[in-house]
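# Residue-level structural notes
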Amino acid sequence: AAIAGHPTARHNLGAIEWNNGSMERALKHFIIAANLGDDNSVDMLKHGYLEGVLSKEDFAAALRAHQAVGDAMTSPGRDAAAAGTARRRNIR
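In this report, we go over the structure that sits alongside the text. (Residues numbered from 1 in each chain as written. Predicted model: local features only at pLDDT ≥ 70, side-chain atom pairs only at ≥ 80, totals over all residues. Heavy atoms only, no water.)

### Examining the overall build of the protein chain
Rules: Secondary structure elements follow DSSP: runs of H or I no shorter than four residues count as helices, runs of E no shorter than two count as strands, and numbering proceeds from the N terminus. Partly exposed describes any residue whose relative accessible area lies between the buried limit of under 20% and the exposed limit of over 50%, with all areas from a 1.4 Å probe on protein chains only and scaled to the type maximum. When checking whether two residues touch, look at their non-hydrogen atoms; a contact exists if any pair is within 4.5 Å. All accessible areas in this document rest on Shrake-Rupley with a 1.4 Å probe, and a residue is counted as covered only by the protein chains that are shown.
Across its full length, the protein chain carries 5 helices and 0 strands. Traced from its N-terminal end to its C-terminal end, the protein chain shows the element sequence α-α-α-α-α. By the burial criterion, 25% of the 92 residues in the protein chain qualify as buried. Restricting the contact set of the protein chain to residue pairs at least 6 apart, pairs at least 24 apart contribute 39%. For the protein chain, the exposed area adds up to about 6200 Å²; of that, 55% sits on carbon and sulfur atoms.

Written out as structure tokens, the structure reads:
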């Protein structure tokens, strides 16, 4: 599943590597998962950055990629549809 691009599977591989002490491999998995939009991986990357095992540049690049995924998931049409759904739920 991780090879197929499933972000949670990739995050889980990173967690296994982290727990086994393979920080470099874990961070690679977390970076890929963050680039796919996984919020938990961003948290792990932050932890890696604060511990000094991830560079500022790599952390910043992962954050930018993660934000780009979030931005791609939003659109005026999607926001309007969500707002309409919320209004209909409040009416009932």
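Now that the structure is up, let's keep going.
### Some remarks on the packing of aromatic side chains
Here is the rule: Pairing of aromatic side chains here covers Phe, Tyr and the six-membered ring of Trp, requires ring centres within 6.5 Å, and sorts the geometry by plane angle: under 30 degrees stacked, over 60 edge-to-face, intermediate tilted.
Counting across every chain of the model gives 2 aromatic pairs. On the basis of an interplanar angle of 50° and a centroid distance of 6.3 Å, the ring pair of Trp18 and Phe30 is categorised as tilted. Taken as a pair, Trp18 in helix H1 (residues 7-19) and Phe30 in helix H2 (residues 23-35) lie far apart in primary sequence, 12 residues in all. The class for Trp18 is buried, based on a relative accessible area of 13%. The exposure class assigned to Phe30 is buried, which follows from its relative accessible area of 0%.

### Examining helix H3 (residues 39-51)
Convention followed: Every helix has an expected span of 1.5 Å times one less than the residues it contains. The arc in question is formed by the directions pointing from the helix axis toward the C-beta atoms. Polar contact criterion, stated in full: a pair of N or O atoms within 3.5 Å, where within protein one must be able to donate a hydrogen and the other to accept it, and residues adjacent in sequence count only if both atoms are side-chain atoms.
With 13 residues, H3 extends 19 Å from end C-alpha to end C-alpha; this agrees with the ideal 18 Å at 1.5 Å per step. For H3, the set of buried residues is Ser41, Val42, Leu45 and Gly48. Across the axial projection of H3, the buried residues extend over an arc of 115°, all falling on one side. More than 90 degrees from the buried face of H3, the exposed residues found are Asp39 and Leu50. The N-cap residue of H3 is Asp38: its side-chain oxygen and the backbone nitrogen of Asn40 are 3.5 Å apart. One or two residues past the end of H3 sits Gly52, with phi positive at roughly 85°.

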